[in-house]
Amino acid sequence: MLVVFKSKAAADVLMFSEHAMPILRAAGRSYPDGLPERGVFTPEQLSEAIGNIERAIGQDRENKHSPHEDEDEDKEHPMSQAVSFGQRAYPLLDMLRQANNTGVPVMWEPADSSW
């Protein structure tokens, strides 16, 4: 399912639910039965969610940190590289930060599939 995150503080963020779930889990949300169709981060919940996601990004970077590779080795084409947790989380994290700065909620719902 394609979901859209909305806030008055930032532009909408579209994400597949299977990509949103790890980010929401990192933020402190637990949905054992799958992502609910609608949800919200209230202004009071934003600081904690932001901190949790930032910690998860830091841990992901530490786990993937590898020694400097030989410069002469063939590099994998950027299009064939996996998207990191931090890259995937950044648009939503940015929205959460902007919403936190302005004191407004962040909500999600199914994206309009009429396009």
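For the structure, check the block above.
Everything numeric in this text was worked out from a predicted model, so none of it was measured.

K.L.:
Could you give an account of the overall build of the protein chain, naming the residues involved and the relevant values?
P.N.:
Along the protein chain, the regular secondary structure elements total three helices and four strands. Along the protein chain, helices (α) and strands (β) appear in the sequence β-β-α-β-α-α-β when read from the amino end. Across the 115 residues in the protein chain, those meeting the buried criterion constitute 35%. In the protein chain, of all internal contacts separated by at least 6 residues, the share reaching a separation of at least 24 is 73%. Just so you have it, the protein chain exposes about 7,800 Å², and 50% of that area is on carbon and sulfur atoms.

K.L.:
Go over the sheet that holds strand E4 (residues 106–110), please, and point to the residues and values.
P.N.:
Within the open sheet, the four strands sit side by side as E2-E1-E4-E3. Their pairing is antiparallel. Each edge of the sheet is formed by a strand with only one pairing partner; in this case those strands are strand E2 (10–16) and strand E3 (39–41). Across this sheet, the average inter-strand angle for adjacent strands is 20°, counted without regard to direction. Across three bridges, the pairing between E3 and E4 is antiparallel. In the strand pairing of E4, Val40 is matched with Met107. Sheet contacts for helix H1 (residues 17–26): strand E1 (2–7), E2, E3 and E4; angle to E2, the most-contacted strand, approximately 110°. In this fold helix H3 (residues 85–102) packs onto E1, E2, E3 and E4, with an angle of close to 145° to the strand it touches most, E2.

K.L.:
How would you explain the pairing of E2 if you had to name every residue and give the values?
P.N.:
Of the strand pairs in this sheet, E1 and E2 are connected by five bridges, and their pairing is antiparallel. Residue pairing across strands places Leu2 opposite Phe16, the latter belonging to E2. Count of turn residues in the E1/E2 antiparallel hairpin: two residues.

Reading the values: the criteria
In every chain, residue numbers begin from 1 and rise along the written sequence. Restriction of local features to residues with pLDDT of at least 70 applies here, the model being predicted, together with a cutoff of 80 or more for giving and counting side-chain atom pairs; totals for whole chains, interfaces and linings are based on all residues. For the side-chain quantities, the full set of heavy atoms in the structure was used; hydrogens and water were omitted. Secondary structure elements follow DSSP: runs of H or I no shorter than four residues count as helices, runs of E no shorter than two count as strands, and numbering proceeds from the N terminus. Burial classes follow relative accessibility: with a 1.4 Å probe on protein chains only, a residue under 20% of its type's maximum area counts as buried, one over 50% as exposed, and anything between as partly exposed. What makes two residues a contact is simply this: any of their non-hydrogen atoms within 4.5 Å. Calculation of accessible area relied on Shrake-Rupley with a 1.4 Å probe; when residues are assessed, cover is drawn exclusively from the protein chains displayed. Any two strands with at least two DSSP-identified bridges between them are counted as paired. To obtain each axis, a line is fitted to C-alpha atoms, and for helices this fit is confined to the stretch in contact; angles are then taken between N-to-C directions over 0 to 180 degrees.

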